[in-house]
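Examining the three-dimensional arrangement
The primary structure of each chain is shown beneath.
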Amino acid sequence: MEHSERSFRAIIVGSGITGLSMAHALECAGIDYIVLEKNNQAVPHAGAAFILWPHITRILDQFGCLDKFREVSQPLRCENRRGPNGKLIVQTKLSSYLERRKGFSFGYPTLSLDRRAVLDVLYTTLPNQSRVMTGKRVASMQHTQDGVEVVLTDGSREKGDIIIGADGVYSTCREYLWNHANTRSLGTITITEKKAFRMSYKCLVGVSSPLPDLKPYEPHVCHNKGFTILAYPLCDKICWGVSIRTDQEYPWPTKVRYNSQDIDTTAASLMSSAVTETLLFGELWHARIQATLVPLQEGIMEHWSSGRIVLVGDSAHKMTPDAGLGGGCGIEDAIVLTNLLKDEMEKKGVVQLDETQIENCFLAYEDQRKDRVKILLKLSGRCTRQRSSGSLVQLLIGQLLLPLRQKFMWQAMSEIVAAGPSLTVSPCNGARSGRSSNRSLGYMGTRQSKKERTNALNLLLAVPVLLVFTLIFMLSYYY
Ligand SMILES: Cc1cc2nc3c(=O)[nH]c(=O)nc-3n(C[C@H](O)[C@H](O)[C@H](O)COP(=O)(O)OP(=O)(O)OC[C@H]3O[C@@H](n4cnc5c(N)ncnc54)[C@H](O)[C@@H]3O)c2cc1C
C-alpha cells in the first residue's frame, strides 16, 4: 500500500439503522469514519415492530452481532392474515419456508423484535462507540479543495473525504446534494425528481401492554377497506401499526405533521375495528403505552450522489412498511457502498481515493442498487395496497387469490432474499451452502423462470372461476 499523508475518512450523517450499519460495514473494511447524530442519544426510547429477513441476518452475522440479535429477538414463525371482521383468512409460514430453503436463505433466520432493540444492538456492538457523536446536528456542508467539511449547529466543523447522508426521509444532505448537482450543471435535478417522494398513506404506530388474546411472536394482519391493522405481540409488549390511506397525495416539499388531536381522531375512527375474532382495536388502544401518527412516503431519487456526497437508506429511497423491507434496504446500501470503496482502494493499492475515483464508486453504487430498490419499493407498495384493499381487484387479490397462491408470493420473497448483497471483506461466520449473493432477481418481470411464468398464467386463468366464489366470500364478510 502507498502511504499518503492522511487516511480516507467518511463522515456519516445520522445514526439510524442505515447510519449504524454503515459504521459497522466501514469498521469491517478498516475504513475510518465518524457518525454525527442530531439527537442526544444514539438509541431512541420507542419503536415499532421490526422484521429482519434472512439476507439481513446474514449481514448482521458478518458484522459479528447476530448472536446479540438472537438474544433479544425470536424467529418469526407465522403470520395470521385476517379479514375486516377479524376472521382468519390464512396462516402463512413464509419465514419457516425461507429458513428451510437454505439455497435461498443460506440457513439464516427471520428475526422479529422492536426497532429500538435493533438500534441498541447495532450501537452497543460497534467496536468504537466514541466515533458516534450525539447532539451533533449538521447545518450545512461544502466541498473543499481536497475533501469535504460539515458545519454543525453548535458551530464546530468536521473534515473528511466523503459525506454519507444517512439522515432519513427529510435529509439535509439530499438538499445539499441537489444544490451541488445543479450548481455544477443546471437542470441535473429536476422538479420531477424533487417530487419523487409522495405520501398517500399514514401510519398510526404504537406499543401496548400484553393482552391475553394475542400470543407472543404470532402477528396478526387484518385487511380492511382503506387501512390495515398489524398487531405484533412480543414477549413483554404488543407493537402495532395501522397503515391508513390518506384522502389525497402529498408530494415534496409538503411536510405533513400530525398533532395529538390528529392521533386521537384517527384512533377514534378505528375503535370498533377487529384485530382478531376476539379483540377490537379499541382494546389495544386502551392498553397503549405510547402512540404516534407518522406520514408514510414512497419513492426513489434519480440521483444518489454528487461530487463527494452520497445518500444511503431512507434519504435515497422510501417505502411503505408493510413488507418490512425498508430498513433492510438501507443496510444493503451500506454493504454495496463499502464493497465498492474497499475494492477501489485495493485495486489501486492506496488508502486514499481522489475525487474521480470516489465519483466512479458512487456511480457504480447507484447502478448496482437502483433496480433492486425499485423491485422492493414496488413489492412494498403492492403489499400495502392489497392489504388495505384500495380497489375491488386489489380486494380480490388480497383476500382470496393470494392466500390461495401463497407459494407464488413465497417464491418472490425467496428470490429477494437470495439476491441480497453481502460484505466482500468479511466472512459469513455461520454461512451455510447457498447460491451466489449476486444473482439477479426473478420477480416482476425482471427475469422470471418458466415455473414462475406458469404460476402467473395459472393465477390469471383462475380469476374468472374464483370471481364468483370471491363475491360470495366477500358478501359473507361485509354482511
Ligand atoms: C411503522 C414502521 C415499521 C417498519 N418496519 C420495518 C421492518 O419491519 N423492517 C424493515 O426493514 N424496515 C421497517 N421500517 C422501515 C425502517 O424503519 C426505515 O426504513 C429505517 O428506519 C430508515 O433508517 P435510516 O437510518 O435510513 O433513516 P432514519 O431512521 O430516519 O434515521 C436518520 C437519522 O439521521 C438523523 N438526522 C437527521 N437529520 C440530521 C442532521 N441534520 N444532522 C445529524 N443527524 C441527523 C436522525 O435523527 C436519525 O437518527 C418500518 C417503518 C415504519 C414507519
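Residues numbered from 1 in each chain as written. Predicted model: local features only at pLDDT ≥ 70, side-chain atom pairs only at ≥ 80, totals over all residues.

The name recorded for the protein chain in an unreviewed UniProt entry is FAD/NAD(P)-binding domain-containing protein, from Aspergillus costaricaensis CBS 115574.

This next bit is on the overall build of the protein chain. Helices and strands together make up the secondary structure of the protein chain, namely 15 helices and 20 strands. Counting contacts in the protein chain only where the partners sit at least 6 residues apart, residues at least 24 apart contribute 74% of the total. (Helix = DSSP H or I, 4+ residues; strand = E, 2+ residues; numbered from the N terminus. Contact = placed C-beta atoms within 7 Å.)

Close to the ligand lie 34 residues, the nearest being Gly14, Gly16, Gly168, Gly313 and Gly327. The set of elements that each furnish at least two residues to the shell around the ligand consists of α1 (17-29), β3 (49-52), β13 (198-208) and α11 (326-348). Grouping the constituent residues of the shell around the ligand by class yields 13 nonpolar, 15 polar and six charged. (Near = placed C-beta within 6 Å. Nonpolar A, V, L, I, M, F, W, Y, C, P; charged D, E, K, R; others polar.)

Taking strand neighbours across the sheet as the criterion, the six strands line up as β8-β2-β1-β12-β19-β18 in an open arrangement whose pairing is mixed. Unpaired on one side and paired on the other, β8 (132-133) and β18 (305-306) mark the two borders of the sheet. Two strands pair when backbone bridges link them, and strand β1 (residues 9-13) and strand β2 (residues 32-36) are joined in this way by five bridges, in the parallel orientation. Looking at β2, one finds that Val13 is bridged to Leu36. Contacts between helix α7 (residues 172-184) and the sheet are confined to β1, β12 (162-165), β18 and β19 (309-311), with β19 contributing the most and set at about 130° to the helix. (Pairing = 2+ DSSP bridges. Axes fitted to C-alpha atoms, helices over the stretch in contact; angles between N-to-C directions.)

Now for the sheet that holds strand β4 (residues 74-75). Taken together, three strands build an open sheet; the order of strands is β3-β7-β4 and the sheet is antiparallel. Strands with a single pairing partner mark the edges of an open sheet, and in this sheet they are β3 and β4. Inspection of the sheet shows β4 paired to strand β7 (residues 111-114) by two bridges, in the antiparallel sense. Its bridge partner lying in β7, Gln74 is registered against Ser112. Its contacts with the sheet put helix α6 (residues 115-124) on β3 and β7, and the angle it makes with β7 is roughly 95°.

In this section: the environment of Arg245. Secondary-structure assignment places Arg245 in strand β16 (residues 238-251). For Arg245, a count of 17 C-beta atoms within 10 Å corresponds to the partly exposed category. Remark: the alpha-carbon pair of Arg245 and Tyr201, spanning 44 residues in sequence, is separated by 4.4 Å. (Buried ≥ 20, exposed ≤ 12 C-beta atoms within 10 Å, placed from the backbone.)

Next up on the list: the nonpolar core. Counting 112 residues, the largest nonpolar core has Ile12, Ile163, Ile164 and Val310 as its most contacted members. With 10 residues, helix α12 (residues 355-387) is the largest single contributor of residues to this core. (Core = buried A, V, L, I, M, F, W, Y, C linked by C-beta atoms within 7 Å.)

For the pair α11 and α12, interaxial distance at closest approach is 9 Å and the crossing angle is 155°. Here α12 runs roughly antiparallel to α11, going by the angle between their axes. Of the two possible hands of crossing, α11 and α12 adopt the one that is right-handed. Residues Gly326, Cys329, Asp333, Val336, Leu337, Leu340, Leu341, Glu344 and Lys348 of α11 form the contact with α12, whose own contacting residues are Gln357, Cys361, Ala364, Tyr365, Gln368, Arg369, Val373, Leu376 and Ser380. (Parallel < 35°, antiparallel > 145°, perpendicular 65-115°, else oblique. Left-handed = near helix turned anticlockwise from the far one by under 90°.)

One ladder, built from 10 bridges, connects β13 with β16; its direction is antiparallel. Opposite Lys202, over in β16, you have Ile244 as the bridge partner. Here strand β15 (residues 227-233) folds back onto β16 in antiparallel fashion, the turn holding four residues.

The next point concerns the environment of Pro427. Here Pro427 shows up in the loop between α14 (406-418) and α15 (450-478). Judged by local crowding, Pro427 falls into the exposed class, with 11 C-beta atoms found within 10 Å.

The step from Trp252 to Pro253 runs through a cis peptide bond, and the omega angle for that step is 5°. Position of Pro253 among the secondary structure elements: in the loop between β16 and α9 (260-270). With phi around 65°, Tyr217 is a residue other than glycine that occupies positive phi space.

Its 13 residues place the ends of α7 19 Å apart at the C-alpha level, agreeing with the 18 Å of an ideal helix rising 1.5 Å per residue. Of all the positions in α7, only Thr172, Cys173, Arg174, Tyr176 and Leu177 are classed as buried. Those residues of α7 that are buried are in contact with β1, β9 (138-143), β12, β18 and β19. (Expected span 1.5 Å × (residues − 1).)

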